[in-house]
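Summary of the model geometry
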There are 8 protein chains.
Amino acid sequence: MNSKEMENFLKNIKNGDISIEDGMDKLKDLSYSDLGFAKIDNHRELRVGYPEVIYCEGKTVEQIKGIVSLMLTKDVNILGTRATKVMYEGIKEICGDAQYNELARTIVIKRKETEPSSTYIALVTGGTSDIPVAEEAAVTAEIFGNRVERIYDVGVAGIHRLFDNLDVIRRAKVIITVAGMEGALTSVVGGLVDKPVIAVPTSVGYGASFKGLAALLSMLNSCSSGVSVVNIDNGFGAGYLASIINKL
Amino acid sequence: MNSKEMENFLKNIKNGDISIEDGMDKLKDLSYSDLGFAKIDNHRELRVGYPEVIYCEGKTVEQIKGIVSLMLTKDVNILGTRATKVMYEGIKEICGDAQYNELARTIVIKRKETEPSSTYIALVTGGTSDIPVAEEAAVTAEIFGNRVERIYDVGVAGIHRLFDNLDVIRRAKVIITVAGMEGALTSVVGGLVDKPVIAVPTSVGYGASFKGLAALLSMLNSCSSGVSVVNIDNGFGAGYLASIINKL
Amino acid sequence: MNSKEMENFLKNIKNGDISIEDGMDKLKDLSYSDLGFAKIDNHRELRVGYPEVIYCEGKTVEQIKGIVSLMLTKDVNILGTRATKVMYEGIKEICGDAQYNELARTIVIKRKETEPSSTYIALVTGGTSDIPVAEEAAVTAEIFGNRVERIYDVGVAGIHRLFDNLDVIRRAKVIITVAGMEGALTSVVGGLVDKPVIAVPTSVGYGASFKGLAALLSMLNSCSSGVSVVNIDNGFGAGYLASIINKL
Amino acid sequence: MNSKEMENFLKNIKNGDISIEDGMDKLKDLSYSDLGFAKIDNHRELRVGYPEVIYCEGKTVEQIKGIVSLMLTKDVNILGTRATKVMYEGIKEICGDAQYNELARTIVIKRKETEPSSTYIALVTGGTSDIPVAEEAAVTAEIFGNRVERIYDVGVAGIHRLFDNLDVIRRAKVIITVAGMEGALTSVVGGLVDKPVIAVPTSVGYGASFKGLAALLSMLNSCSSGVSVVNIDNGFGAGYLASIINKL
Amino acid sequence: MNSKEMENFLKNIKNGDISIEDGMDKLKDLSYSDLGFAKIDNHRELRVGYPEVIYCEGKTVEQIKGIVSLMLTKDVNILGTRATKVMYEGIKEICGDAQYNELARTIVIKRKETEPSSTYIALVTGGTSDIPVAEEAAVTAEIFGNRVERIYDVGVAGIHRLFDNLDVIRRAKVIITVAGMEGALTSVVGGLVDKPVIAVPTSVGYGASFKGLAALLSMLNSCSSGVSVVNIDNGFGAGYLASIINKL
Amino acid sequence: MNSKEMENFLKNIKNGDISIEDGMDKLKDLSYSDLGFAKIDNHRELRVGYPEVIYCEGKTVEQIKGIVSLMLTKDVNILGTRATKVMYEGIKEICGDAQYNELARTIVIKRKETEPSSTYIALVTGGTSDIPVAEEAAVTAEIFGNRVERIYDVGVAGIHRLFDNLDVIRRAKVIITVAGMEGALTSVVGGLVDKPVIAVPTSVGYGASFKGLAALLSMLNSCSSGVSVVNIDNGFGAGYLASIINKL
Amino acid sequence: MNSKEMENFLKNIKNGDISIEDGMDKLKDLSYSDLGFAKIDNHRELRVGYPEVIYCEGKTVEQIKGIVSLMLTKDVNILGTRATKVMYEGIKEICGDAQYNELARTIVIKRKETEPSSTYIALVTGGTSDIPVAEEAAVTAEIFGNRVERIYDVGVAGIHRLFDNLDVIRRAKVIITVAGMEGALTSVVGGLVDKPVIAVPTSVGYGASFKGLAALLSMLNSCSSGVSVVNIDNGFGAGYLASIINKL
Amino acid sequence: MNSKEMENFLKNIKNGDISIEDGMDKLKDLSYSDLGFAKIDNHRELRVGYPEVIYCEGKTVEQIKGIVSLMLTKDVNILGTRATKVMYEGIKEICGDAQYNELARTIVIKRKETEPSSTYIALVTGGTSDIPVAEEAAVTAEIFGNRVERIYDVGVAGIHRLFDNLDVIRRAKVIITVAGMEGALTSVVGGLVDKPVIAVPTSVGYGASFKGLAALLSMLNSCSSGVSVVNIDNGFGAGYLASIINKL
């Protein structure tokens, strides 16, 4: 409610165009549905542009089913991330057309079609083992209506693979780089493009990779500009942010 | 034993009002029952106000049963934390009315009623996944005779959920905030109230959350005043401290 | 604004008891004074019970003087923490009776007397080197109207010094323990009292103390209950929280 | 050089439209000027859209002067970051109209006017001490032709200050949040907007802030979506990335 | 393609000795086979001297089989590292003579004989538990045609075991030391030889070994010269590098 | 071989009292039995006073059996640490009277009686969960012929339990303290005795105990003198060192 | 006061052999002198065998002078550690014969002669840069009446230097090893002797030595038995502990 | 002394060709000169191929002068690393032709000419700020008689600079890469060559570079093979190792 809206609102209260009861509801308007264990954010689509996504990890199957049930009453697309197969089977009982992506560990329930964007997101991985995290980003971006171009396994150990795909990377509106180990891919890509690069460190590696810490630090210290970083293995976060930027 | 008590004690020894034997017992008074593998602190209730709580993790079922058996001879309420179902089943063999809270991983044996406090503790969580830790705090506070108001899943990603519950939070005598990931909830609550805030970082999260380290550091560095922090996932510690403060 | 107040407020708007303009002001009420580089929180005393404190580190002398000037127009006590002597000299130019505590690195401007509390805060340090942090806590607690009992240099290396002062510690309403190195003092005190213990790790130590990390971890893992922890060297935070608890 | 360009290039070589010598130059085209200690990237503007920025830290005054001298021969705007006053004085000897921003530690040499963008970047700080880092971001974004709206000192300890400025934040095309200590500002802002949020942790704080690590981890683990993170104190990186996004 | 080759190449294009189509192929020459999930680097042998090795961890059995199938069409030796028995069984279905080394967790497919080198690599371990990592190095070095001398379990706790084998160590062209715990073996060996020493820290140990961190730091800080370090448990990397040096 | 022995040895070679062959054997004397995967240190008892102990973790059952078989040919007591039950069953096949201590995870084969020492080692634990580590120390010290006095579960949360056992602790020749969580027990004991204190941090705890790191740092920073520290959970190391000191 | 003493004490009170006043004094016996900022432990010599040592770091010159003044009234040797020259000059004003060791940063005031022990402490350093820490250990051990044999600069990079001095090391009753960088010296010495080895990691080194952390971890993970560790640069702690052991 | 030498030696003792005294000297043969604070390793050139290098950091000027004086009596080239200008001035007093390299912080005393090697070492840096570390490597390699080719400031942010210099890098016998920040240069170079790559992380960077830790981890986790790593800023170590390899 900005200043003008506020003035109008109060005037309407004064002249009775809005009743006291409606006024009270209005003031409470940033509302949600309360399930006790969860408060579903009905206002989110209005406020930040997308429906709430269910982060499944750490929730019981019953809790997830409760949240989905409530969401199904509204005609929105639903995305569950970090979902196990068991969670998916629970959801299927209440929603037969839910889809599970085993690689990305996502559950998707489609209720309205979204036209793919004209511009696209380039999704680049260093190796084959980074694909699950990349796919979480891809599924996220796609359900929010973005076109995604996948360029997988083009890490710097064989840098010609990257150069051979440079055109498709450079023509993207925004680029996601997904890499584990030392994460050098991000800096190389960042030095070759003039678009925003979202870097996703992965926990791929062993020993002194410290479950993704090496890649994370590497990306944070990138000598290339135009790069920013999300949490280790956070494919969803990268896909979500890329979607926002792609639609600017 | 302060100075006056000490003087009286020695005078009583001198004039024979206290026998040597009794005197020796008296001096040994900070006593305990020795089970070999454990020394049960009988004096604790007197000294710090509550009966000893059994931290079950790392103890064998037989050890826990031994400790409980001894405690059952005294008419006190018993709380076991971090208890597995197997431990509970062992306890049940010697105490049929023991109760197990699977979410909170607590065993409770009630022997005397405690009247709920008039003031209450507000127990706030950032998300649904933080509830197990919160419930450990709730069970602890309740067995020690406190009223607890639960406000769950009001993290800052949808901050209106918090504001909508601000009244009940502000009216509490002491507030516990339970949050994982970046733990920002604590600072926001701390900036809105004039009561002590006990922050419990949880290990909810992944990647650079480093099993709760991110939330822990976040809470320790809170820019809001009136905040202090307990160990990661330490629901018991928060509930215990909140109980002390609530009863001041 | 709780529900009743909200209803009344809207009724008053409707019947004209509150004008639109006043209503707008009212809704904006959580207000502050904007200096550009700083936004002074005028509403804080109402909201969290105390006037804003100036954390001086990282601010220029001119910025601090600007903030103090504005605060001086209101009749409140002012506390500056982590202040250098140079900052103090700047403040003195605009406020001749400002007082500097070199040990605690605090600036205090007193405008109204506060009656010392009947109950008191026990302030315990492990060593002599911990005193500066303790004094920051003491100055903070005292300006907020609390009585403080100092028990310094009673660390566990000579534990009889602690026991000899146990009475004054146990009679406090809340206890602050300030210790560096391994911070064992906190656990020992925590096991001997039935009052809230606020632990302040200090950066006193060397080598594997890692500038207070050892003491911090030690306190977070205290085997004694009723203990919570603030940031390393955060004397202010401990004094502030102790003040809140002491006045409950 | 994409496939079509490559084909044309080779055809031109074949039919003599491009001479062997020119062909060789063309293939070498990603060229630079070699100063021995530095290789100035002449091709950068073409490749990533901006002239090279001089990161002054760790370079000698003579080295910086050499780089600037070479750049001055081309008609471009020049930005030096992390520059000391001594470096600035060195530059002034060869370029009288160079400007130094002491707060941001930047040197700016303006050679062509850039029209400010219609959309703008919102630049939000938690506290006053975060301003130097924010100003580095502001200077960077402005020299690249962006309009910047500064909203300083609106950290979550007094969250109404943030809400009061929410309109100007929400209307931005991209938002930069700059915060030290626990960095909770980022998550709160992220939950209230539907625009990309670039988070800059600062080294403001002490003790367990570990020179910005706490804020960094906090931001990486933000429960709000649409957030990405740059290195601690990396105002330049945030300003640069915001500029790219603002101009999409 | 160096300058002369480039000139010749362009001349050949010009005079038609190389057709446009061949020229395009030539420029694309740093090529690979694209399996979608993986891009097999056909050019690697030319570029860095060895065929690509399959790092199996994090790949599905189907992915590994796909990569091996493609490689089998070329007459090269194949090495799979960090392979489970399940992966091996998958490979066996398409290549009956594949060999699995359970200790080293390697799969080897031999297609051409390599004559063992005249000079040899000395492979030294601190303890028995370090042998699996050492064997990964040995298998790697051997498939690339190197002679390997194993000197196992000669850690510094019984340093005479090392001295008794010093001759065979000193006569090697390059030495690999494999050790966990405190990794002191590396420094002792480094001080006794005039050959390159490649140190492999292992995750053998417990507690403050932090999964190999102690050995890693120890080796990086070796007071002996001529020592360099690879990742924790990276037997392959050490074997590969030793092979390059042994063949210089 | 000290100077005198060396002189005698060479004289004996010269005058033929020792043959060349025997001399060569003599010079090789720091010998061991080579099993390929392990080099058994036959000289150890002479050199450091005790037979070699088998650290079982990371060894296969067959390797351990091979080592034990060789040791059985000599008439020595054998100690295996960090042994699983499966390892024990393997040993039992070749040595029926081997004994397994499930708590301490030790295998003991007794071949000669050792008279218990007159002085004793005090073995103190903070809690019940620390007992397994303590028992490893106890078994080690006992097989090397030391008397051990166990004082378990006397942590500082109920410090009177410690004081009540102070006499038996003070009369020991050397003291081992075993504690997890914050490990404050060590400092308290260290401040009360004038004997060497060997501190064993344990991985007992959770959250910010970081698997024993908190206790380790706490003990390393002990404000009490006379304290030194071994690795986390290193009961064997403490028992071994205590044995050396007890026998001085 | 053990049981018998307690009984006797109470009997003496009863029959008047000890007056009430004397009894009170007796019970208070673990006494100290209170300077406000410091509590001097008069009872320490009785309790742990040595007079209190002044850890000067973090204390003001005035505080140190106050402590020394009080100590001078008793006829004891005084040791100040981590003392600056300025502190020493302060002490000299009140005690002309105080001696300053610039290398060890110690102040020594000798009041009674101590006969050097017949057995001795071997003090071994890896390099020349470790000597300051070693000298702190030496000064400490010597003032407590121990003979110290210095063997400096015998690190493992030139291990023959160590072997050449092995005799004097082996004949010691207890050994202190002082080393920075990777600290391998400790493990090598530990494997060659049958005496207690006290390891002192030093902050000598750079980069990944992380101010002594590498040496600390290395020593904690020593594969040699009989080794324990004190804090980084803690020469005093090693000298003190070695003294206790040498006098057993 | 190998087996044959040993046999001959003992035969010579027996038949009197070597006297007892000479024999004793011979057995002591791994000798050094003892300065008390340092033991100069005379045998080092024989044993590991090079004269001892003086690591100046942490040594006093007098100590360094003492070491150099002794070395000057032998006709060897001398290298001092990490030397301050003050140290250099001290050396100059005893050796007028000593040379100081301010950038590399090295002191060089040349006594015999070394013919430059035919093969060369390629020395590559990511940026201008990495040059000091690179120069330490260059000075080291050159004094040991190696030809060094410097390729500075070719980091991956402008990767064409690297490709333009690929020929000179590929023709080297061994390559040193020196880089701070995220250190991605190493992986890119490693993927393009078939020679050993020695990676030197530098402390160039800020914030989450944690003084070189990010670059160190990045290099240890390099996805390119043939790479090994030395300590942060360890130019000497890289130059020394490269020299050994270059001369194989």
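Residues numbered from 1 in each chain as written. Chains lettered and ligands numbered in written order. Predicted model: local features only at pLDDT ≥ 70, side-chain atom pairs only at ≥ 80, totals over all residues. Heavy atoms only, no water.

Observations regarding the overall build of chain A
When its secondary structure is counted, chain A shows eleven helices and eleven strands. Looking at the 248 residues of chain A, the share that counts as buried comes to 64%. By sequence separation, contacts in chain A at least 24 residues apart represent 66% of the contacts at least 6 residues apart. (Helix = DSSP H or I, 4+ residues; strand = E, 2+ residues; numbered from the N terminus. Buried < 20%, exposed > 50% of the residue type's maximum accessible area, 1.4 Å probe, protein only. Contact = heavy atoms within 4.5 Å.)

A short note on the interface of chain A and chain D
If you look at the interface, chain A gives 32 residues, while chain D gives 32 residues. With both chains or domains summed, chain A and chain D bury close to 2600 Å², and 62% of this area falls on carbon and sulfur atoms. Scanning the region where chain A abuts chain D turns up zero salt bridges. For the pair chain A and chain D, the number of links is four residue pairs in polar contact (both at pLDDT 80 or more). At the level of elements, α3 (44-48), α8 (166-170), α10 (213-220), β11 (227-229) and α11 (235-246) of chain A are the ones that each hand at least two residues to the side of chain A that touches chain D. Broken down by element, the side of chain A that touches chain D gets its largest block of residues, five residues, from α11 of chain A. Along the lines of polarity and charge, the residues of the side of chain A that touches chain D split into 15 nonpolar, ten polar and seven charged. (Buried area = accessible area lost by both parts, 1.4 Å probe. Salt bridge = Lys/Arg side-chain N within 4 Å of Asp/Glu carboxyl O. Polar contact = N/O pair within 3.5 Å; in protein donor to acceptor, adjacent residues only side chain to side chain. Nonpolar A, V, L, I, M, F, W, Y, C, P; charged D, E, K, R; others polar.)

Some points on the relation of the copies chain C and chain G
With an RMSD of 0.1 Å, the operation that places chain C on chain G is a rotation of 90° combined with a shift of 0.0 Å along the axis. Here the copies are linked by what is in effect a four-fold axis. When C-alpha distances to the rotation axis are compared across chain C, the minimum falls at Phe210 of chain C, with a value of 7.3 Å. (Least-squares fit on C-alpha atoms with pLDDT ≥ 70 in both.)

Some details on the state of the cysteines
Residue and element names in this part refer to chain A. For the coordinates displayed, the defined rule picks out zero disulfides over all chains. Here Cys56 is not disulfide-linked; the sulfur of Cys95 is the nearest cysteine sulfur, at 13 Å. Given the relative accessible area of 1%, Cys56 is considered buried. (Disulfide = S-S within 2.5 Å.)

Remarks on the domain arrangement of chain A
It is common to give the size of an interface as the accessible area that goes away when the parts come together. Residue and element names in this part refer to chain A. Split by domain assignment, chain A resolves into domain 1 (31-109) and domain 2 (120-247). Taking only C-alpha atoms, the centre of domain 1 and the centre of domain 2 are 26 Å apart. Facing 16 residues of domain 1, the contacting portion of domain 2 comprises 15 residues. Summed over both partners, the interface of domain 1 with domain 2 buries about 1200 Å², with 69% contributed by carbon and sulfur atoms. Where domain 1 touches domain 2, the interface holds one salt bridge. Applying the counting criterion to the domain 1 and domain 2 interface returns one residue pair in polar contact (both at pLDDT 80 or more). Listed by contribution, the elements that provide at least two residues to the side of domain 1 that touches domain 2 are α3, β4 (78-81) and β6 (106-109). Residue composition of the side of domain 1 that touches domain 2, by class: ten nonpolar, four polar and two charged. (Domains from an automatic or database assignment.)

Observations regarding the confidence of the model for chain A
Residues of chain A with pLDDT of at least 70 account for 88%, and the chain-wide mean is 87. For this predicted complex, the interface confidence score (ipTM) comes to 0.86, while the overall pTM stands at 0.89. (pLDDT = per-residue confidence, 0-100.)

Some thoughts on the sheet that holds strand β4 (residues 78-81) of chain F
Residue and element names in this part refer to chain F. Taken in spatial order, the four strands make up an open sheet running β3-β4-β6-β5, and their pairing is mixed. Either end of the sheet is taken by a strand with one partner, and the two such strands are β3 (54-55) and β5 (99-101). Here β5 pairs with strand β6 (residues 106-109) via three bridges, running antiparallel. In the sheet register, Gln99 faces β6, and the bridge partner there is Val108. (Pairing = 2+ DSSP bridges.)

Things to note about the UniProt feature "domain: PurE" (unreviewed entry) in chain A
Feature annotation in UniProt assigns "domain: PurE" (unreviewed entry) to the following positions: residues 119-248 of chain A. Along residues 119-248 of chain A one finds 38% helix and 19% strand; the C-alpha atoms at either end are 11 Å apart. (UniProt positions renumbered as here; feature names shortened; annotations may be inferred.)

Remarks on the relation of the copies chain A and chain D
Rotating chain A by 180° about the axis while translating it 0.0 Å along that axis superimposes it on chain D, leaving an RMSD of 0.1 Å. The transformation just described matches what one would write down for a two-fold rotation axis. The position closest to the rotation axis in chain A is occupied by the C-alpha of Val229 of chain A, lying 2.5 Å away. Most of the interface of chain A is mirrored in chain D: 100% of its interface residues are interface residues there too.

A closer look at the environment of Arg150 of chain H
Residue and element names in this part refer to chain H. The topology assignment puts Arg150 in strand β8 (residues 147-151). Judged by relative accessible area, Arg150 falls into the partly exposed class, the value being 34%. Spatially, the C-alpha atom of Arg150 lies 9.7 Å from that of Ile176, the residues being 26 residues apart in sequence. Excluding residues within four positions of it along the chain, Arg150 makes contact with Leu123, Glu135, Ala138 and Glu142. Engagement of the side chain of Arg150 in a polar contact is seen with the side chain of Glu135, the distance being 2.7 Å. Of note is the side chain of Arg150, whose polar atom sits 3.2 Å from the side chain of Glu142.

A short note on the packing of helix α10 (residues 213-220) of chain B against helix α10 (residues 213-220) of chain D
Between α10 of chain B and α10 of chain D, the least distance of the axes is 8 Å, while the angle of their chain directions is 125°. Judged by the inter-axis angle, α10 of chain B sits oblique to α10 of chain D. You can see that α10 of chain B and α10 of chain D cross each other, and the crossing is left-handed. Contacts from Leu213, Ala214, Leu217 and Ser218 of chain B in α10 of chain B reach Leu213, Ala214, Leu217 and Ser218 of chain D in α10 of chain D. (Axes fitted to C-alpha atoms, helices over the stretch in contact; angles between N-to-C directions. Parallel < 35°, antiparallel > 145°, perpendicular 65-115°, else oblique. Left-handed = near helix turned anticlockwise from the far one by under 90°.)

Description of unusual backbone geometry
We note that Lys211 of chain E has phi near 60°; this positive angle belongs to a residue other than glycine. With respect to the helices, strands and loops of the structure, Lys211 of chain E is situated in the loop between β10 (197-201) and α10 (213-220). For Arg105 of chain G, which is not a glycine, the phi torsion comes out positive at approximately 55°.

Points about the pairing of strand β4 (residues 78-81) of chain H
Residues and elements named next belong to chain H. The side-chain alternation of β4 yields two buried faces, one formed by Ile78 and Gly80 and the other by Leu79 and Thr81. Across two bridges, strand β3 (residues 54-55) lies against β4 in parallel orientation. In the sheet register, Tyr55 faces β4, and the bridge partner there is Thr81. Of the crossover connections in this fold, the one passing from β3 over helix α4 (residues 61-72) to the parallel β4 is right-handed. Pairing of β4 with strand β6 (residues 106-109) involves three bridges; the strand directions are antiparallel. Within the sheet, the bridge partner assigned to Ile78 lies in β6 and is Ile109. (Right-handed = clockwise from strand over helix to strand, strands pointing away.)

Quick word on helix α10 (residues 213-220) of chain C
In terms of burial, α10 of chain C is a largely internal element, seven of the eight residues being buried. Turning to α10 of chain C, its buried residues are Ala214, Ala215, Leu216, Leu217, Ser218, Met219 and Leu220 of chain C.

Digging into the interface of chain C and chain G
Contacts between chain C and chain G engage 19 residues on the former and 24 residues on the latter. At the boundary of chain C with chain G, total buried surface from both sides reaches about 1700 Å², with 53% on carbon and sulfur atoms. When residues of chain C are sorted by the area they lose upon contact with chain G, Thr128, His160 and Tyr206 of chain C head the list and together hold 39% of the total. For the pair chain C and chain G, the number of links is zero salt bridges. Scanning the region where chain C abuts chain G turns up four residue pairs in polar contact (both at pLDDT 80 or more). Residue composition of the side of chain C that touches chain G, by class: nine nonpolar, seven polar and three charged.

Some thoughts on helix α11 (residues 235-246) of chain E
For α11 of chain E, which comprises twelve residues, the first-to-last C-alpha distance of 16 Å matches the rise-based estimate of 16 Å (1.5 Å per residue) to within 8%. The element α11 of chain E is largely enclosed, with a buried count of twelve among its twelve residues. (Expected span 1.5 Å × (residues − 1).)

Digging into the packing of aromatic side chains
Given two aromatic rings, their pairing is described by the distance between the two centres and the angle made by the two planes. In this structure the tally under the stated criterion is 36 aromatic pairs over all chains. On the numbers, 5.6 Å between centres and 55° between planes, the contact of Phe236 of chain A with Tyr240 of chain A is tilted. Of this pair, Phe236 of chain A and Tyr240 of chain A both sit in helix α11, separated by four residues, roughly a single helical turn. Neither Phe236 of chain A nor Tyr240 of chain A differs from the other in exposure class; each is buried. Measuring from centroid to centroid gives 5.1 Å for Tyr88 of chain D and Tyr100 of chain D, while their planes differ by 20°, and the two rings are stacked. Pair noted here: Tyr88 of chain D is in helix α5 (residues 85-94) and Tyr100 of chain D is in strand β5 (residues 99-101), with a separation of twelve residues, a long-range link. Here Arg82 of chain A stacks its cationic end above the ring of Tyr206 of chain B, 3.8 Å away from the centre of that ring. (Phe/Tyr/Trp six-rings, centres within 6.5 Å; stacked < 30°, edge-to-face > 60°. Lys NZ or Arg CZ within 6 Å of the ring centre and 35° of its normal.)

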